[in-house]
Amino acid sequence: MAVDVASWHEDASVSADQLRLMKLAMDEAERARGSTGDNPWVGSVIADAEGRIVARGHTQGPGEDHAEIGALREAVAKGVVLSEATLYSTLEPCSFHGRTPACSRVIVDHRPKLVVVGMRDPHPRVDGEGIRIMRAAGVDVVEGILEAEIRMQLGRWVFEHHLHEPVRRAMALLDAHGPTSVVAEIAAIYAVGEEAAERAVREAESHRAARS
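Since we're looking at a predicted model, the values are computed, not measured. All chains use their own residue numbering, which begins from 1 and follows the written sequence. Only residues with pLDDT of at least 70 are given local features in this predicted model, and only at 80 or more are side-chain atom pairs given and counted; all residues enter the totals for whole chains, interfaces and linings. The side-chain figures draw on all heavy atoms in the structure; neither hydrogens nor water molecules are used.

Visitor: Tell me about the layout of surface pockets, residues and numbers included.
Guide: The rule is simple: put a 1 Å grid over the protein atoms alone, call a set of points where a 1.4 Å probe fits but cannot get out a cavity, call an open set with protein on both sides within 12 Å along at least five of seven lines a pocket, and count a residue as lining if it has an atom within 4 Å of a point. Grid points are joined across faces, edges and corners, and a volume is the space filled by probe spheres set on the points. As a volume, the largest pocket reaches approximately 410 Å³. Along its surface, the largest pocket is lined by 24 residues, and Asn-39, Pro-40, His-66, Cys-94 and Phe-96 are the ones closest to its centre. Within the residue set of the lining of the largest pocket, elements represented by two or more residues are helix H2 (67–77) and helix H6 (155–161). Grouping the constituent residues of the lining of the largest pocket by class yields 10 nonpolar, 9 polar and 5 charged. Under the scheme used here, helices are H or I runs from DSSP no shorter than 4 residues and strands are E runs no shorter than 2 residues, and both carry numbers assigned from the N terminus. In this count, Pro and Cys sit with the nonpolar residues alongside Ala, Val, Leu, Ile, Met, Phe, Trp and Tyr, while Asp, Glu, Lys and Arg are called charged and the others, Gly among them, polar.

Visitor: Tell me about the side chain of Ser-95, and name the residues and values.
Guide: Its place among the elements puts Ser-95 in the loop between strand E3 (86–91) and helix H3 (103–110). Within 3.5 Å is the distance limit for a polar contact, defined as a pair of N or O atoms, with the added protein rule that one can donate a hydrogen and the other accept it, and that residues adjacent in sequence qualify only through two side-chain atoms. Only 2.8 Å separates the side chain of Ser-95 from the backbone oxygen of Arg-125, close enough to count as a polar contact. Any pair of residues with heavy atoms lying within 4.5 Å of one another is described as a contacting pair. Those residues in contact with Ser-95 that lie beyond four places of it in its chain are Ala-102, Ser-104, Arg-105, Arg-125, Val-126, Glu-129, Gly-130 and Ile-133.

Visitor: Can you tell me about the nonpolar core, naming the residues and giving the values?
Guide: Residues Met-22, Tyr-88, Leu-154 and Ile-186 are the most contacted members of the largest nonpolar core, which totals 40 residues. Taken together, the elements giving at least two residues each to this core come down to helix H1 (16–30), strand E1 (43–47), E3, strand E4 (114–119), H6, helix H7 (164–174), helix H8 (179–190) and helix H9 (194–211). To define a nonpolar core, start from buried Ala, Val, Leu, Ile, Met, Phe, Trp, Tyr and Cys residues and group those joined through side-chain atoms within 4.5 Å. Only protein chains enter the calculation, and the probe is 1.4 Å; a residue is then buried if its accessible area is under 20% of its type maximum, exposed if over 50%, and partly exposed in between. Ile-46, Cys-94, Val-115 and Ile-133 belong to the second largest nonpolar core, which has 22 residues in total.

Visitor: Help me get a handle on the pairing of E1, residues and values and all.
Guide: With 5 of 5 residues buried, E1 lies mostly within the body of the structure. Going residue by residue along E1, you find Gly-43, Val-45 and Ala-47 tucked away on one face and Ser-44 and Ile-46 tucked away on the opposite face as well. Strands are treated as partners if at least two bridges between them are detected by DSSP. As judged from the 5 bridges shared by E1 and strand E2 (residues 53–58), these two strands associate in the antiparallel manner. If you follow Val-45 over to E2, its bridge partner there is Arg-56. The loop that links E1 with its antiparallel partner E2 comprises 5 residues; one of these, Gly-51, has a positive phi angle of about 80°. Where E1 lies against E3, 4 bridges are found, and the strand directions are antiparallel. Opposite Ile-46, over in E3, you have Leu-87 as the bridge partner.

Okay, structure coming up:
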């Protein structure tokens, strides 16, 4: 997936380094596409105080390291001083112990100076909880960097495993737009085909009808 950060984000609070390094995390995520089972293909990089990448990681197979853990393993093996480093992850670090330990808690154990997150994990057991865990432990977190682009990168995974997110988004859009335009918007937001977007909009319409 080609990424050109020069045309994105006019928000002055987002630094050029944050965009550049999250773009590199997105590139790392592409190395995992198609090999992660039901896990999302996520990329992570760790940068030193000068913005130089000192470690990288991407999601492995089911039951193996998530992206952030792979990057932390490499950083520790290299003797990186994590208290002076920033960890970037395209998706919010997970918050519960499933097939692997909760990444957010492992990150807390390593105490990086800053964690930069692209998109919140739509999993109902995460969805902000990973960020809350890190902040509650005193780790600074910035979120939403290249979020729209990462949502497109992970669109197929979201539709396969967390359809509730595009359905929820479609429900909000239907309050202001007709179904045809909402289908086009959902397809663009998640970089999915029209058929998938139509399925999300039909389910959203069904939910709205049940509410009324």
